[in-house]
Amino acid sequence: MALEQLSDVVQRCQALSNDSYATEDHDVFTIAGRSCIEEGNSAQVLSIVLDEKNQDMVRCMGWNLLPPLIPVLLKKEDKNLPQCLAIFNHLMQTCRPKELLIGLLEQLEQDDPDTIAESLHLLLSPLQKVLLCLGSRKPSSLGMTLSSVLDQVAKLPLPLTKEQEEDDVFSLCRCCADLIDFVRPFVNEARQNLLTTKTHGKNIDTMTTKQNEMEDELRTELLKFCMKTLSHPLLEVQLRDPDTLPVSPLRMFATDILETLRAIGESLPSLVYQPLLRRKQVPGFLEEEVRYPKESLASLAHLVFVHHLAADTFPSVFSPVFSLRCTMEHILLLLSRTEDCRIQKGLELYEKSLVRVEDSSLPADLLEIKTFLTVPQNLVKVMTMCPRHDLRTRGLKVFQLSIDKFNTEAKYRFFQYMLKTSRHSGVEGYIIKNIKNQIDIALQPGNSNTWFEGVHLLPLLRKVLSLPDGPETDLLQYLDRIMESLNLLRYLVIRDKVTENQTGIWTELYKIEDAFMKPLRVGINMSRAHYERELHTTMEAKKKKAKEEESVLSVSVGDEKLPNMTSESQIQALHSALHTFDMIESVLVRIEELVQVKDDP
C-alpha cells in the first residue's frame, strides 16, 4: 500500500516544475516513503531516489526520509543496511543544506548513552559537510549545531577511574575526539581569517562589512563552544597526569580546546588573568560576562596552573604573587560550589598557586583585597562541612599553606580576622595553635618581632583568652578553642620569664584571671553540677526499668535535646562529658600552680 502511494506521488510530481509541489504531495511522499523504509522496501525507495527524473523532487522533499534511515544505520546489522546507506548518502549529496541541517539535528536527539555516542559518531561528519555548504548562515547554524551536540555529550556518564578512561567505557572520549574533528575546518577558517586580517587590515578594499560581521560571528560561536566545553565536561572530569596515564584522550581534548582558543585569536594569559586585567570591549554578539563565563575561566586556570597545559604561552615576567592574585577569583568561585569535583579543583588550584610563592613573603596589604579573606572562609566551610574526608583533610593542608605564605604582620592581621569571623570552635582552636607557634618563633634568639610580642600581642591575647559567653559558655561546644587557649596560656607562663616579660603576659595576667580563668572555673563547676545531676537522673531511670526490655531514652542537656539513645549509651556520654570537664580543670589548675610559683619570691 505504502509503495503504491509513493509510486503515485512520484509519477505525479515528475510532471511538475521544481518547487511547485503541493502540501499534499509533501505529506504523501513523507508518510509513504518512511513507511516503505520501515517495512523493508528500501531497495524500491533507493531506485526512486536515484532515478534522474526524480532529482528535483528529492532535492525538495528527500530530507523527510531521514527519520527511518538513521535507526537502520545505527543498528548496522539490518539486512537493508546497504540500501539505506546508499539512500542516506544520496540525500546528503542532493538535498538542500538548510533542510538537511534541520533533519539531521532532529535525529541527533537521543536519551540512551550508548545510542548517543553512536548517533554522534554517525551524524557529525554529515553535519560538518552540510554546514560547510552554507553561506552567510553558517556561523549561526554552527552555533545551533554545537549547542545541540554538547547537550547530548552532557548526557554521557563521566569516567571516574584511569581504567574507565583507558577503556572509554562510556564513549565520552570517542565523542570528544569526534567533536574536535567536527570543528577543525571551522577553526582553520577562523584562523585563516585572522591571518588575512593581520596581513591586509580590515578596510573597504579588502573586506566588506558583511564579511567582517560573519567572521566575527564565526569566532564568537567557536568561543562559545570552547567556553561550554571548559565547563562541561572538562570541569567535571579529573584529568590524569602523563605519569599516571601516558595517553589520555581527555587530556588531549583539553589541549585541543586551548589550541582552538588561540586559533580564534583569544589570548590565554588574558583569559586567565581577566579578574585583574579587565578586557576592553571586544567585537561580537555577547556581553563580557556571557562571552567569558566565570566558571569556564576557572576551569581554564586549573588546566594551565595544575596540569600545565599551554604553559609555554604564559610570559615568565609574571611573578608568583601576581599569578596568585589573579587566580584567587577562580579559586573563590570553585570553593564556593558544593560539587566535589569543583571543590577538589579549587583546592588543587589554590595549592599550586601558593606553592610557587616564597614562605612568609605575602604582605599584609593583600588582606585588603576581598578574595584573600573570602577564600579562607570558603576553605573553612570545606574543612568543616564537606562530606568527603579527603577533601576536608586537603582543605586543612591548603589552609595552613596559605598561612605560611603571609609575612609576620599579615599573619597577625589574618589571625585577628579569623578569630573575629569564625563561628567554629575547631577552626578557632587551630588559629590559636598557630598564634602559639608564631609566639614561639618570636621568642627564639634573634627572631624578635613587633607583632607577636608586647604591645601588639596583647590585643590578640585578650581576644584568645576569653570565653564567648562568660561562665555560661558551653564548654563542650567550645572545647577545641578552650583547650588551645589554655595550652597557649600555660606555654606563655612557662616560656616567658617574669623578669623579661617579652610577651607582656605578666603585666596582663590579672586581667586574664578576671576575664578568662575565673569565669572558666565557674563554668566548669556549673557544667559539672548539671551533668552530675543528669547522670544521677538517668541512672535512677535505668534502675526503675531494669525488669523491662531495654528502653530508649531522650535526655535534654541545657536547652538542647540529645539524640535518642539507650540508657547505657546515655550514661556513657554523660561520663565522657564529666571526664572532659576534669581534663579542662587539670590544665587550669596547672596554670594556677605555675603562676603561684612565679609570683612567690
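Our structure is the block above this text.
Everything quoted here is computed from the prediction, not taken from an experiment. (Residues numbered from 1 in each chain as written. Predicted model: local features only at pLDDT ≥ 70, side-chain atom pairs only at ≥ 80, totals over all residues. Heavy atoms only, no water.)

Q: Would you mind going over helix 3 (residues 42–50) in detail, with residue names and values included?
A: Listing the buried residues of helix 3 in full gives Ser 42, Val 45, Leu 46, Ile 48 and Val 49. One side of helix 3 holds all its buried residues, which, seen down the axis, span an arc of 165°. (Buried < 20%, exposed > 50% of the residue type's maximum accessible area, 1.4 Å probe, protein only. Helix = DSSP H or I, 4+ residues; strand = E, 2+ residues; numbered from the N terminus. Arc of directions from axis to C-beta.)

Q: Account for the packing of helix 5 (residues 66–75) against helix 8 (residues 113–132), with residues named and values stated.
A: With their axes 10 Å apart at the nearest point, helix 5 and helix 8 run at an angle of 105° to one another. Viewed along their axes, helix 5 and helix 8 adopt a mutual orientation that is roughly perpendicular. Touching Ile 70, Leu 73 and Leu 74 of helix 5 are Thr 115, Glu 118, Ser 119, Leu 122 and Leu 123, all from helix 8. A breakdown of the residues in the contact of helix 5 with helix 8 according to their chemical character gives five nonpolar, two polar and one charged. (Axes fitted to C-alpha atoms, helices over the stretch in contact; angles between N-to-C directions. Parallel < 35°, antiparallel > 145°, perpendicular 65-115°, else oblique. Contact = heavy atoms within 4.5 Å. Nonpolar A, V, L, I, M, F, W, Y, C, P; charged D, E, K, R; others polar.)

Q: Go over helix 1 (residues 2–14) with me, naming the residues and quoting the values.
A: A rise of 1.5 Å per residue sets the reference length of helix 1, with its 13 residues, at 18 Å; its end C-alpha atoms lie 18 Å apart and thus fit the reference within 8%. For helix 1, every residue scored as buried is listed here: Ala 2, Leu 6, Val 9, Val 10 and Cys 13. Down the axis of helix 1, the buried set is contained in an arc of 105°. They therefore lie on one face. Turned more than 90 degrees away from the buried face of helix 1 sit Glu 4 and Gln 11, all of them exposed. (Expected span 1.5 Å × (residues − 1).)

Q: Would you mind going over the pattern of salt bridges in detail, with residue names and values included?
A: Throughout the structure, instances matching the rule amount to 35 salt bridges. We note a salt bridge from Arg 240 to Glu 165, for which the minimum N-O separation is 3.8 Å. Taken together, the residues span a long stretch of sequence, with Arg 240 in the loop between helix 12 (209–231) and helix 13 (249–263) and Glu 165 in helix 10 (residues 162–167) at a distance of 75 residues. Accessibility expressed as a relative area gives 12% for Arg 240, which makes it buried. On the basis of relative accessible area, Glu 165 is assigned to the buried category, the value being 0%. Among the charged side chains, a network of salt bridges with common partners joins Arg 521, Arg 528, Asp 582, Glu 585 and Glu 592. (Salt bridge = Lys/Arg side-chain N within 4 Å of Asp/Glu carboxyl O.)

Q: Before we move on, could you go through the state of the cysteines and cite the residues and values that matter?
A: Summed over all chains, the structure comprises zero disulfides. You can see Cys 173 has no disulfide; the closest cysteine sulfur is in Cys 176, sitting 6.5 Å from it. Considering cysteine sulfurs only, Cys 341 is the nearest to Cys 386, which forms no disulfide, with 11 Å between them. For Cys 386, a relative accessible area of 6% gives the class buried. (Disulfide = S-S within 2.5 Å.)

Q: Account for the packing of helix 19 (residues 371–385) against helix 20 (residues 389–405), with residues named and values stated.
A: Here helix 19 crosses helix 20 at 145°, and the two axes come no closer than 8 Å. Every pair of crossing elements has a handedness; the one defined by helix 19 and helix 20 is left-handed. Of the residues in helix 20, those touching helix 19 at Pro 376, Leu 379, Val 380, Val 382 and Met 383 are Leu 391, Arg 392, Gly 395, Leu 396, Val 398 and Phe 399. Here the contact of helix 19 with helix 20 is built from residues that sort into nine nonpolar, one polar and one charged. (Left-handed = near helix turned anticlockwise from the far one by under 90°.)

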